Each structure stands twice: as C-alpha cells, then as structure tokens.
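# A closer look at the structure
Spelled out from the first residue to the last, the chains are:
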Amino acid sequence: MSDPMQEIRASFFIECDELLEALLDGLEAMSNGGGDGETVNVVFRAVHSIKGGAGAFGLDQLVEFAHAFESAMDAVRAGQIVVDDHHIALFFQGGDTLADLVRHSREGTELDPSSYAELRAKLDAMSAEVADAPSAPSADPAGDGFAPIALDFDFGPDPERRVLITFAPDTELYQSGNEPRLILRALNALGTAEITWSLTENTSLEQMDPEAPYLAWEITLQTASQISKIEEVFEFVDGICHYQITEIDGTDHEDPASSVTLGPESVDDTPPPVVKQTAPTAIQAPAPAPNAQKSTVRVDLDRIDRLVNLVGELVINQSMLSQSVVEAGVASHTAVASGLEEFLQLTRDIQDSVMMIRAQPVKSLFQRMGRIVREASADVGKSVRLDVIGEHTEIDKTVIERLADPLTHMIRNSIDHGIESSEQRRASGKDETGVVTLSASHRSGRVLIEVSDDGGGINREKVREIAEKKGLVSPDQVLSDAETDGLLFLPGFSTADQVSNLSGRGVGMDVVKSSIASLGGRISIASTPGHGTKLSISLPLTLAVLDGMVIRSETETLVVPLGAISETLTLRREDIRPYGPDAQLLRVRDTLVPLMDLAAQLGYRPPLKDFEGSIGLLIGLEDGTQAALVVDAIEDQRQVVIKGLEQSYGSVPGIAAATILGDGQIALILDPGDLIHRAAKQTPPATPTPLEGAA
Amino acid sequence: MSLAQRTKTDDLQSANTAEQIELLTFHAGQQEYAVDIMSVREIRGWTKTTSLPHAPSFVHGVINLRGTVLPVIDLARRLEISDEPPQDRDAIIVVDAIGRTVGLRVDSVSDILTLPSDELRLPPEIAGTDAQDFLSAITLIDERMVRVLDLSSVMPEDEQIS
C-alpha cells in the first residue's frame, strides 16, 4: 500500500463503514420514534459525507444513489416530509443499498442498477413531492428554477431582518463533492435572497487554474430566521469555504449567540451588489463544536498484533524471572520478592489492557444482522422484528469477523423455521410480529451470544422422524428432549419441508457448529414448544490465548486445548482390547474408543506395547468422534499465548500452533481433531524421522 | 593476516572495478561456508529446540526468538555432510531468506570478509553430488575455499514439511 491514493481510498471506505453505522443508528432511533432534528441531521450528514467522498474518488454509481437518498433526507431535514413507518422502511432499504454500493465500490465492481431502481424511484418521488409543493416567488439569478418554501419553525414569527452573507468556496469544497448551488438554494429557502456573484481574482481565462475556485457570492437575505439558522446552512462546508454572515438591518436581538451591533444606518435597503466588507460586525464562522463522541485512533492491526506479541513476551519473561528468583532462594518477605509481586500484577494489567485493544463492540455485527432480519422476513413474508441486547459487549475483532456467517445462518433459521406465519401466531394468541432477540454479554471470562425467537419452538416429533428417516438415530433409541434438539447439529440434517430461499441449502446447523468450534466456542440449543427457541454460543474472549492442559510426551512438552478434553483416565490393562495388528481400543464405561499413543503418533518413539499406568486423555470432538490420547504425564493447566507456526515454518500435521512456556521453551499446541482424523485415515507420518538429534 | 590487510590487497587487485561485498563465514561439518552479511539478522548460542513432528531430519525444531517461533535448520544435515548431534558450543545464525526467517545451526562462526564481488566464482558442477545446489558461489581466500550459501535452497520446501 505504497500508493497514497490507495491509502486515502482505503480510509474512505473505513470511514464509510463508520458512517453507515451512524446512519443505521439514526434510522433505528427514528423508527423508535426518538428521531429529533439532530438525529435526522446525523443521517443526512452520513449520506452526504459518503456522497462527498465518493465524488472525490469518481464512484459515480455511489454518488448518484447517495444523492437521491440525500435529497429525500434533505426534505425530511427541512421538515417538509412527516416521516411515517413507510418512509423509515424506505430509508432502511436505502441504507442497505448504500452499504451494497459501498461494498461494490470497494471491490471495484458495479451493482446492477435495476436491483435498486424501484427504491431509487421512490426516493426521487419523495424529494420531487417536496419540490412541487407551493412556493413563494423567488429571486433566482442563477436561473436554477428552484422553489423556496416557507418553513415552520418552532419559535414564534420573528420580525424580518436583512442579512448580508458572503460566501467564497475553497477548492476543497468542490473536491469533497459539495455543491454551492445547494447552499444558495438552502439560503433562499430561509427567506428571499438576492444573490450576486463576483470573481475573486481578476485573472484572464487563460491563466485560470481549472481546478481552482474563482467565484464568490454575496447574498442579501430577507428572512425571519435567526442567524443560527443561517449558520446551519454552512454546517457541512465549515472549514472548506470562507463565509461571513452580517446583519445589516433588523430588530431582533433574541439570538444570544449573535452579539450583533447593527450595521451603519446609512446602509441602504438594497446594498450595492459587490461589497467587500460592508458591516464591521461580522459574525465569524463558529468554531467547530467540541466532538461529543469518544475520540478514536485508527491503528494498523499489525501494530497491535506486535504489541500483543511483545506483551506475551513480557509475561513469559516475567515468569522466567520469578522462577529464577525462587531458585536463587530469595525469601518471600524481601523487597525483591514484593517488588516482583507488583511486577506480576502490572504485567497482568498490561496484558489485559492490550487484549482490550483488539476487542471491539459487537454492534457492527449486530447491525448487519438487522439487515438479515429485514431481508429474510421480507423473503418469507413474515413480519419479524430484531431486538438487540448488549451491543456494546466487546469481543476480539477476529472473532467478530468470523461470527458473521454462523450468526446469519442462525437468524435465517429462526425466521424461516422458528417464527410462525402471521395466521398461526394470531391463532396462538401471539403478536403478529415475531421477535428475534440477539444478545451479547460477558459471562465468567467468556462471551455469551444468544439468538432467540418467540416462535413455535422445535417440533421434536418431526426432528425425530427426520433423524430416523436419515438413519441418524435408530427407531428404538430413547432420547431426552435435549438430545433430540441436539440432533439438529448432526451433519446432513435439515428439517425444511421444502427448500426455501433462506435455509435448506444443504448448509445445516452442523456447519454453524463447526465454525463456532473453530473459534474455540460451544453452541447449545434450548427450546420450549410454543414459546420459542434459544441458541447460545459461548466464545473465548480472544483468539490470542487458550486454556490448555500442559502434558509431557516422551521428552517433549505439549499443550492440549482444554475444550477438547472430556476427561482424563488412568489406563488399566484390562480395559484395553487389541484391535487389528497394532491398534487398540479402550473401554470407557460402555463404549469402546480408539486408543492413540501420542508420542508414537508424533514420531517421538515407537508405540508402547503396554499402556498400564499411562494417562489417557479422552478427547471428544465436535462431530462426536472420540479417542483416547495416551500421554506420559499431565504437568499443568494454564492459559497460553498462541503463536502461529504457519508463517514461520508451515503447517505441521496434528499441530495447531505453538506457545512459549514459563521456562522460555516453545511448546506445541495439539490439534486433536486433525490428529485423530489423520490417525483414522491410517496415514503414515509423511517423513518418519528419527529424533535422536533433537537434544 | 588481519582482515584489514586482506581487504586492502583485495582492493588493489580489483582496482575498484567491482562492488565490494561482505560475507559472514562459519564452519559447518568441518567445512567453511559463508552467507551474505546483509541476510544475517543475528547470531546466538545454541538453545534446546522443540522438535516438530514429521519434520525432515535437518529441521531441528523451533526456538523462541524473543517471542517469535523460529525454525532451526541443521546446516550440516541439510547439506548432507555430517550427522553430528548438536553441542552446547554450536551457534545459531538467524538469517532472512525468501521472506522467511530461519536459524541455521553451525559449528562456529569465523569472521567477516570483505571482497570484490568479481572474486566469487560459480560453483562447478560435479557428478555424484548435489552440493552445488545449495551454493551460489565459491571463492578462494588464502588457500581456504569458502562456499557461499544459496539461502533460498536451504529452506525446507513445503512438501517436506507436511
């Protein structure tokens, strides 16, 4: 990314994401009836800024749509349209389309204009409606044909006043896609304006820089509005143009912001068209309002990762230091020991804070789900509302990114299968509008995300029937309710009667389950017939650390993810049955599971003949596969910092990653799933290697 | 003879026609090798490695290099010239090659040579050995033959890893 233009472009798109978020927030507030003037402004500003940026990058399609959207929003902002639910729905669609267009622009593709032509037409109709409204006669020197509209303001009728406004755009004003004409039009809308223009420099046409602004305007406005209203017109171009608002004659002193001394009384009612500085009492453009929002810094993810690594290193170093202090025989009440204790505390605080940097609120993810709900409910013709709880809960950025697909699938499932049709809902005495609730919360060091619906709940008889039909359970098997619900997660299970557009594309809940598992998470389902279904996902706070069991295999120390271990066993000879020439099965209560000698599997030593007294870790995989892993000793259970192996070396069969232990040594983190599947496929180790050299 | 003197003679001989290059020389399996000093990141003492399952025998394993996982390659085994187990006085030269960083286990690090690049000769191709595959050049310095390693070929290939 050495090209500065690329960087600016990239940051524009990041900004777009933020603006779209603000846009949806605003619409949400408006739809809940909370939309005051400022909310409308926020929405308008978001669309306007996207349009501005898009203009600078020549993204015509985006500019065009944003413009239509903006015009419609502008009408709302000016109070010319009373917003009802229909409008809000339209604006939400507009927001979604805008997001699509932004995405297409980012990828350099075009969105098929016909996909939003209808919406576009509706938006245009909204702004056109306004333009056609009866209007006062206006002075229109630019020949724009616009119609000023008398506005209702929330204060009493003010005495008319005359205001002289000078307005000279900077180059940036044009570059950011602003249009002076719109500003002039907005001024005219405040009253009756007389507009004259002048050249800012007396340059001949040949000498003019085609990209530099040479025009300035002077507007004499006969208005009842307060100065602050006029200043609002310049809100979006503040800092990228020169403007001065001067009251030349008036009686109104209500506005406390304008400590206006009246202009010279000699000034005629119609001031000369070109006046450089008529009044001595100019109201300067107001300083930008202090930003009420939390200020943020955009940081390259690589830098944060580097910091995370360094802190991981610090933690390791600290534990090495503690170890050597203990070995040196320092008594626990000495200054060294207490200093070390403080150091330990500090290191932990730093580690926590650094991990927090990577954490982001789930809000952006939840907003995307809002769209899924809107689209999915429209597709199946059900009326569904999304309730969101705990959108400020923070999770690791990577986790958020990788949650989008499973969540989408779960929500679609809820709408398609969970929520009943309006008739059914009415019949069972429920509100016609179904509710899908998406919630996030922190629960004992993990993040809990729940998707629940108030639908009909799981039809267990049907689930059972399908499972039997597909041979997933035998007809005589007795299953508890929870076990029946669990069948939904089995591969190849889909309850949809017919394949609908939403779900039933062969991608089932098993895919959801495995993608959650790949994030170190667990998923569970709970359902009450007639009252709905709740899917709960429990996730680790970060992908950077892992709860693991530190084990020894031959001379090597390894880490097994704690989540994969269902129990630990001491092996007894009578529980082991030979199975083929060199395989064994272990009897665990009433099941037999394959026994795998970890050290042999990893090529550390030839397989053991006698496992008596060894330790077995019973591994349960997400797909139901079980195996017992033979290890030499269990050393510790602790949180480890995950270090990838792929970048520095490459992927290693059966190994997920590496970590650094307290003694500074690297320990490998096992990937039990890969290990077991490889063993099951009977793949011999790629290169059986003697390890006598690795002292 | 000191390094400075030798450099001077070299300068005179080449009459400033060729670019000067700097090589770090070291011993592996009783032979003298060199790498371009620009690819050397650091030199460190031997530490115990964590072996990687199913890795080729010349990959000792990985070590902790200030928080990053560094693979260590046994150069003598890689070049198939010796199969000595590592000793505490061995050294690890951390080098960058083809976008990756690896450690090379060597017997000892000797010194730094500055010589004109035109004194480097292409390694001769000899039947019965693929030694030249790992070399980018050879040069004679005071009766010593120094073999300049081609670092990219020393790296394990992907199919050797998994």
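What counts and how
Residues numbered from 1 in each chain as written. Chains lettered and ligands numbered in written order. Predicted model: local features only at pLDDT ≥ 70, side-chain atom pairs only at ≥ 80, totals over all residues. Heavy atoms only, no water. Helix = DSSP H or I, 4+ residues; strand = E, 2+ residues; numbered from the N terminus. Buried < 20%, exposed > 50% of the residue type's maximum accessible area, 1.4 Å probe, protein only. Contact = heavy atoms within 4.5 Å. Areas by Shrake-Rupley, 256 points an atom, 1.4 Å probe, with all protein chains shown as cover. Pairing = 2+ DSSP bridges. Axes fitted to C-alpha atoms, helices over the stretch in contact; angles between N-to-C directions. Polar contact = N/O pair within 3.5 Å; in protein donor to acceptor, adjacent residues only side chain to side chain. Core = buried A, V, L, I, M, F, W, Y, C linked by side-chain atoms within 4.5 Å. pLDDT = per-residue confidence, 0-100. Salt bridge = Lys/Arg side-chain N within 4 Å of Asp/Glu carboxyl O. Buried area = accessible area lost by both parts, 1.4 Å probe. Nonpolar A, V, L, I, M, F, W, Y, C, P; charged D, E, K, R; others polar.

### A word on the overall build of chain A
Check the secondary structure of chain A and you find 18 helices and 22 strands. Out of the 695 residues in chain A, the part that is buried amounts to 44%. A fraction of 69% describes how many contacts in chain A between residues 6 or more apart in sequence connect residues 24 or more apart. Working note: accessible area of chain A is about 35700 Å², and carbon and sulfur atoms make up 52% of it.

### Observations concerning the overall build of chain B
Secondary structure assignment for chain B yields 4 helices and 10 strands. If you list the helices and strands of chain B from N to C, you get α-β-β-β-β-β-α-β-β-β-β-β-α-α. Within the span of chain B, comprising 162 residues, buried residues form 54% of the whole. Pairs at least 24 residues apart make up 57% of the contacts formed inside chain B by residues separated by at least 6 positions. Accessible area for chain B stands at about 7800 Å²; split by element, carbon and sulfur atoms hold 50% of it.

### Considering the sheet that holds strand 14 (residues 565–570) of chain A
All names here are of chain A. The sheet built from 6 strands is open, its strands ordered 14-18-19-17-16-15 with mixed pairing. This sheet does not close on itself; its edge strands, each paired only once, are strand 14 and strand 15 (576–579). Ignoring which end each strand starts from, the neighbouring axes of this sheet average 35° apart. Looking at chain direction, strand 14 and strand 18 (residues 615–620) are connected through 5 bridges and run antiparallel. Pairing of threonine 568 across the sheet is with leucine 617, part of strand 18. Seen against the sheet, helix 18 (residues 672–680) touches strand 17 (591–597), strand 18 and strand 19 (626–631) and runs at an angle of roughly 95° to strand 17.

### Topic: the sheet that holds strand 9 (residues 446–453) of chain A
Residue and element names in this part refer to chain A. As summarised here, the arrangement of the 5 strands in space is 6-8-9-11-10, forming an open sheet in which the pairing is mixed. Among the strands making up the open sheet, the edge pair consists of strand 6 (384–389) and strand 10 (522–528). For this sheet, the mean angle separating the axes of adjacent strands, direction not counted, is 15°. Sheet topology note: the strand 9/strand 11 (residues 532–540) ladder contains 8 bridges and is antiparallel. Paired with isoleucine 449 across the strands is isoleucine 537, a residue of strand 11.

### Re the side chain of A:Ser527
Residues and elements named next belong to chain A. Relative to the helices and strands, serine 527 resides in strand 10. Using a relative accessible area of 13% as the deciding quantity, one classes serine 527 as buried. Separated by 2.7 Å, the side chain of serine 527 and the backbone nitrogen of isoleucine 458 make a polar contact. At 3.5 Å, the side chain of serine 527 forms a polar contact with the backbone oxygen of glycine 532. Ignoring any residue separated from it by four or fewer positions in sequence, one finds serine 527 in contact with Gly457, Ile458, Arg460, Asp485, Gly532 and Thr533.

### Remarks on the nonpolar core
In this structure, B:Leu104 and B:Leu149 are the most contacted members of the largest nonpolar core, which totals 59 residues. Contacts of B:Leu149, omitting those with residues within four sequence positions, involve B:Phe26, B:Tyr33, B:Ala34, B:Val35, B:Leu75, B:Leu79, B:Leu104, B:Phe134, B:Leu135, B:Ser136 and B:Val154. A:Val436, A:Phe493, A:Leu519 and A:Ile537 belong to the second largest nonpolar core, which has 43 residues in total.

### Details of the confidence of the model for chain A
It should be kept in mind that the predicted coordinates are not to be read in detail where pLDDT is low. Residues and elements named next belong to chain A. For chain A, mean pLDDT is 77; residues scoring 70 or higher make up 82% of the total. Contacts from residues 251–291, a stretch scored under 50 in pLDDT, to residues over four places away or in other chains number 53 contacts. Scored below 50 in pLDDT, residues 683–695 shows 22 contacts in the model against residues more than four places distant or in partner chains.

### Structural notes on the pattern of salt bridges
Under the definition given, this model contains 37 salt bridges over all chains. The salt bridge partner of A:Arg464 is A:Glu468, with a shortest N-O separation of 2.8 Å. Taken together, the residues A:Arg464 and A:Glu468, both in helix 14 (residues 460–469) and 4 residues apart, mark about one turn of the helix. The buried category is assigned to A:Arg464, whose relative accessible area is 17%. Judged by its relative accessible area of 30%, A:Glu468 is partly exposed. With its nearest N and O atoms 3.4 Å apart, the salt bridge here joins B:Asp96 to B:Arg41. Within this pair, whereas B:Asp96 is found in strand 6 (residues 91–97), its partner B:Arg41 is found in strand 3 (residues 40–45), the two being separated by 55 residues in sequence. Classification of B:Asp96 as partly exposed rests on a relative accessible area of 31%. Assessed through its relative accessible area of 48%, B:Arg41 is described here as partly exposed.

### Quick notes on the interface of chain A and chain B
Between chain A and chain B, the contact holds 30 residues from the first and 27 residues from the second. Summed over both sides, the interface between chain A and chain B buries roughly 2700 Å², with carbon and sulfur atoms accounting for 59% of that surface. Where chain A packs against chain B, one counts 4 residue pairs in polar contact (both at pLDDT 80 or more). If you list the elements that add at least two residues to the side of chain A that touches chain B, you get strand 21 (655–660) and strand 22 (666–670) of chain A. Considering only residue class, the side of chain A that touches chain B consists of 16 nonpolar, 11 polar and 3 charged.

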